[in-house]
Amino acid sequence: MADPSVLNPHPPEFDRFLHASVGEDRNGYAVTVLSTLARLGLDPWKETAELVTLGRDAARARLGTLLARFRDVPALASDHGRIARDLSQLLPEGPTSGALQRAASTVADGRPGTSRAIWAVLAIIFVLFQMFMVGGSGSGE
């Protein structure tokens with residue numbers, strides 16, 4: 001059976017945190033943690049992995065600092081501390097499980113399933129090449 005992390009190398013434990021809303025922007029659109037981190041020029045999964053390894057209190061402080069820098073959501077200007085506290089509760093507990101530890105370290109290293117993904121893509125290309133170029137007629141000759 002294929003490893004599901006080949007197609008989605010990001011830890012699913014991060015989803016609840018990354019897809020949580022930080023508030024509405026000036027146009028009335030909901031802004032998520034994922035889009036906030038991306039707009040700040042950070043890799044959302046790498047930053048989340050680092051927050052998880054910091055522990056709850058340090059993660060809340062780091063998140064508060066990041067949210068204070070984000071100017072697209074007016075409510076963050078005055079309430080970034082409370083929002084950071086609430087969002088930090090959505091982070092998975094420290095990387096205690098082996099799977100989460102591997103996922104966090106892989107994301108933090110910036111190599112999410114790279115070698116497996118490359119082999120999977122190469123296998124697909126090989127099969128497609130065989131089908132379309134070598135003999136897709138089905139005659140067996």
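Here, the structure is the one placed above.
An account of the accompanying structure is given in this report.

Rules used throughout
- Residues numbered from 1 in each chain as written.
- Predicted model: local features only at pLDDT ≥ 70, side-chain atom pairs only at ≥ 80, totals over all residues.
- Heavy atoms only, no water.
- Helix = DSSP H or I, 4+ residues; strand = E, 2+ residues; numbered from the N terminus.
- Buried < 20%, exposed > 50% of the residue type's maximum accessible area, 1.4 Å probe, protein only.
- Contact = heavy atoms within 4.5 Å.
- Areas by Shrake-Rupley, 256 points an atom, 1.4 Å probe, with all protein chains shown as cover.
- Core = buried A, V, L, I, M, F, W, Y, C linked by side-chain atoms within 4.5 Å.
- Pairing = 2+ DSSP bridges.
- Salt bridge = Lys/Arg side-chain N within 4 Å of Asp/Glu carboxyl O.
- Axes fitted to C-alpha atoms, helices over the stretch in contact; angles between N-to-C directions.
- Parallel < 35°, antiparallel > 145°, perpendicular 65-115°, else oblique.
- Left-handed = near helix turned anticlockwise from the far one by under 90°.
- Polar contact = N/O pair within 3.5 Å; in protein donor to acceptor, adjacent residues only side chain to side chain.
- Expected span 1.5 Å × (residues − 1).
- Bend = angle between axes of the 7 residues up to and from the residue.

**Points about the overall build of the chain**
Stage number 1. Counting its secondary structure elements, the chain contains seven helices and two strands.
Stage number 2. Tracing the chain from N to C terminus, the helices and strands come up as α-β-β-α-α-α-α-α-α.
Stage number 3. Here the chain holds 141 residues, and 30% of them are scored as buried.
Stage number 4. Sequence-distant contacts in the chain: of pairs separated by 6 or more residues, those separated by 24 or more amount to 62%.
Stage number 5. Surface exposure of the chain reaches about 8,800 Å², of which carbon and sulfur atoms provide 58%.

**Observations concerning the nonpolar core**
Stage number 1. Phe17, Val22, Val33, Leu67 and Leu87 are the most contacted members of the largest nonpolar core, which has 24 residues in total.
Stage number 2. If you list the elements that add at least two residues to this core, you get helix H1 (15-18), helix H2 (33-39), helix H3 (44-54), helix H4 (56-69) and helix H5 (76-88).
Stage number 3. Beyond its immediate sequence surroundings of up to four residues, Val33 is in contact with Phe17, Leu18, Ala20, Val22 and Leu87.

**Examining the pairing of strand S1 (residues 21-24)**
Stage number 1. Two elements, S1 and strand S2 (residues 30-32), share three bridges in a ladder whose sense is antiparallel. Paired with Gly23 across the bridge in S2 is Val31.
Stage number 2. Between S1 and the antiparallel strand that follows it, S2, lie five residues; Gly28 among them carries a positive phi value of about 85°.

**Concerning the pattern of salt bridges**
Side-chain pairing between opposite charges can occur once the charged atoms of the two side chains come close.
Stage number 1. Tallied over the full model, the rule gives seven salt bridges.
Stage number 2. Note that Arg56 is salt-bridged to Glu93, the shortest N-O span being 2.3 Å. Here Glu93 lies in the loop between H5 and helix H6 (98-109) and Arg56 lies in helix H4, a separation of 37 residues in the sequence.
Stage number 3. When its relative accessible area of 55% is taken as the criterion, Glu93 is described as exposed.
Stage number 4. Arg82 is paired through a salt bridge with Asp79; the nearest N and O atoms lie 3.0 Å apart. Remark: Asp79 and Arg82 occur in helix H5; sequence separation between them is three residues, near one turn of the helix.
Stage number 5. Residues joined by salt bridges that share partners form a network here, namely Asp79, Arg82, Arg85 and Asp86.

**Some words on the packing of H4 against H5**
Stage number 1. Interhelical geometry of H4 versus H5 gives an angle of 150° and a closest axis separation of 8 Å. The orientation of H4 relative to H5 falls into the category roughly antiparallel. Between H4 and H5 lies a crossing whose hand is right-handed. Here Arg56, Arg60, Leu63, Gly64, Leu67 and Ala68 of H4 come into contact with H5, specifically with Leu76, His80, Ile83, Ala84, Arg85, Leu87 and Ser88.

**Here we look at the side chain of Glu47**
Stage number 1. Examined against the element boundaries, Glu47 turns out to sit in helix H3.
Stage number 2. In terms of polar contacts, Glu47 uses its side chain to reach the side chain of Arg62, at 2.9 Å.
Stage number 3. Contacts of Glu47, omitting those with residues within four sequence positions, involve Leu37, Leu42, Arg62 and Leu66.

**Here we look at H5**
Stage number 1. Counted at 1.5 Å a residue, the expected span for H5 with its 13 residues is 18 Å, but the 15 Å between its end C-alpha atoms falls short.
Stage number 2. For H5, the principal kink sits at Arg82 and spans about 40°.
Stage number 3. All buried positions along H5 are accounted for by Leu76, Ile83, Ala84, Leu87 and Ser88.
Stage number 4. Residues of H5 that are buried sit in contact with H1, S1, H2 and H4.

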